[in-house]
Amino acid sequence: MTPNTSWWDWDHAAAVLPKLLLEGFKVTLIATVLGTLIALVLGLMVAIIRRSAPKLLSTPFTWVVEFIRMTPLVVQLVFANLVLSPYVDSTLVIGIWVLGIHYTTYMAEVYRAGIDSVPTGQWEAATALSLPRVRTWRAVVVPQAIRNTLPALGNYAISMFKETPFFVVIYIPELVRVAQQYGSSYFRYTEAITLAGLIFLAASYPTSLLIRRLEKKLA
């Protein structure tokens with residue numbers, strides 16, 4: 001006979017775990033991976049524009065970036081969903097883009113710090129060799145900047161993973177949302193929410209250890 005207590009029921013834990021893993025975690029993982037790819041690509045583009053574009057262009061661009069970064073992610077999700085839902089069929093697509101663009105602003109700052117850390121001599125050597133500006137960025141600056149920023153970028157990717165529960169405000173069935181739905185159906189929240197938290201821990205903690213090892217290796 002399965003033991004049962006007032007605060008924990010193993011039958012409910014066994015029943016909710018497959019739903020959390022197959023439904024909620026899948027959505028959370030997809031949102032994190034695609035959101036991270038968006039932020040990595042757009043973040044690099046933003047950093048290069050802010051670093052090399054004329055002030056007439058870079059100044060208003062900076063204002064937009066700062067506005068996005070200083071606005072809560074929850075507000076951005078709700079606003080984007082209200083505006084875009086008539087035109088975009090998938091709420092998940094909206095959520096992924098909002099998450100990716102929000103973290104673009106953070107990763108752009110990381111990239112900018114990485115670009116600034118490239119020794120001045122590298123820029124001077126590229127100029128002395130008469131390398132085109134695009135090739136200087138592609139072959140000299142960007143590879144060194146990315147190498148210097150990998151640990152920080154990885155930490156932001158973990159932060160994105162842990163912030164996917166904010167998708168609950170636009171009713172995306174990610175990990176926490178699935179746990180809440182199960183709890184409301186069976187009036188048992190403890191097992192579902194606890195297991196959701198443990199899944200987040202099991203996914204994020206080993207990743208953080210790998211990033212720490214990478215940081216020490218690159219130091």
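Residues numbered from 1 in each chain as written. Predicted model: local features only at pLDDT ≥ 70, side-chain atom pairs only at ≥ 80, totals over all residues. Heavy atoms only, no water.

- Per an unreviewed UniProt entry, the chain goes by Amino acid ABC transporter membrane protein and derives from Brachybacterium faecium.
- In its Subcellular location (unreviewed entry) section, UniProt records this for the chain: "Cell membrane". (UniProt positions renumbered as here; feature names shortened; annotations may be inferred.)

### Concerning the nonpolar core
In step 1: If you look at the biggest cluster of nonpolar residues, it comprises 30 residues, and the most contacted ones within it are I115 and V141.
In step 2: Mapped onto this core, the elements with two or more residues apiece are α1 (10-52), α3 (73-84), α4 (91-116) and α6 (133-163).
In step 3: Per-element tally for this core: the top contributor is α4, with nine residues.
In step 4: In contact with I115, other than residues within four places in its own chain, are A47, I48, R51, W123, W137, V141 and A145.
In step 5: The next biggest cluster of nonpolar side chains, apart from the first, holds 15 residues, and it includes L20, F25, Y182 and A192. (Core = buried A, V, L, I, M, F, W, Y, C linked by side-chain atoms within 4.5 Å. Buried < 20%, exposed > 50% of the residue type's maximum accessible area, 1.4 Å probe, protein only. Helix = DSSP H or I, 4+ residues; strand = E, 2+ residues; numbered from the N terminus. Contact = heavy atoms within 4.5 Å.)

### Some points on unusual backbone geometry
In step 1: Phi is positive for Y171, which is not a glycine, with a value near 65 degrees.
In step 2: Locating Y171 in the fold gives a position in the loop between α6 and α7 (175-186).
In step 3: One non-glycine residue with positive phi stands out, namely F187, at about 55 degrees.
In step 4: Topologically, F187 is positioned in the loop between α7 and α8 (190-218).

### Examining α1
In step 1: Helix length check: α1 (43 residues) gives 58 Å between terminal C-alpha atoms against 63 Å at 1.5 Å per residue, within 8%.
In step 2: The opening residue of α1 is D9, an N-cap whose side-chain oxygen sits 2.8 Å from the backbone nitrogen of D11. (Expected span 1.5 Å × (residues − 1). Polar contact = N/O pair within 3.5 Å; in protein donor to acceptor, adjacent residues only side chain to side chain.)

### Examining the pattern of salt bridges
Once their charged atoms are close, side chains differing in charge can pair, the charge on each being opposite to the other.
In step 1: With the rule as written, the count across this model stands at six salt bridges.
In step 2: R50 serves as the salt-bridge partner of E109, at 2.7 Å between the closest nitrogen and oxygen. In this pair, E109 is assigned in helix α4 and R50 in helix α1, connecting sequence segments 59 residues apart.
In step 3: Across the salt bridge formed by E109 and R112, the nearest N and O atoms sit 3.0 Å from each other. With E109 and R112 both in helix α4, this residue pair falls three residues apart, about one helical turn.
In step 4: Since its relative accessible area comes to 29%, R112 is described here as partly exposed. (Salt bridge = Lys/Arg side-chain N within 4 Å of Asp/Glu carboxyl O.)

### Some words on the UniProt feature "domain: ABC transmembrane type-1" (unreviewed entry) in the chain
In step 1: Within this structure's numbering, the places UniProt gives as "domain: ABC transmembrane type-1" (unreviewed entry) are residues 25-211.
In step 2: Annotation note: span residues 25-211, helix share 83%, strand share 0%, distance between end C-alpha atoms 21 Å.

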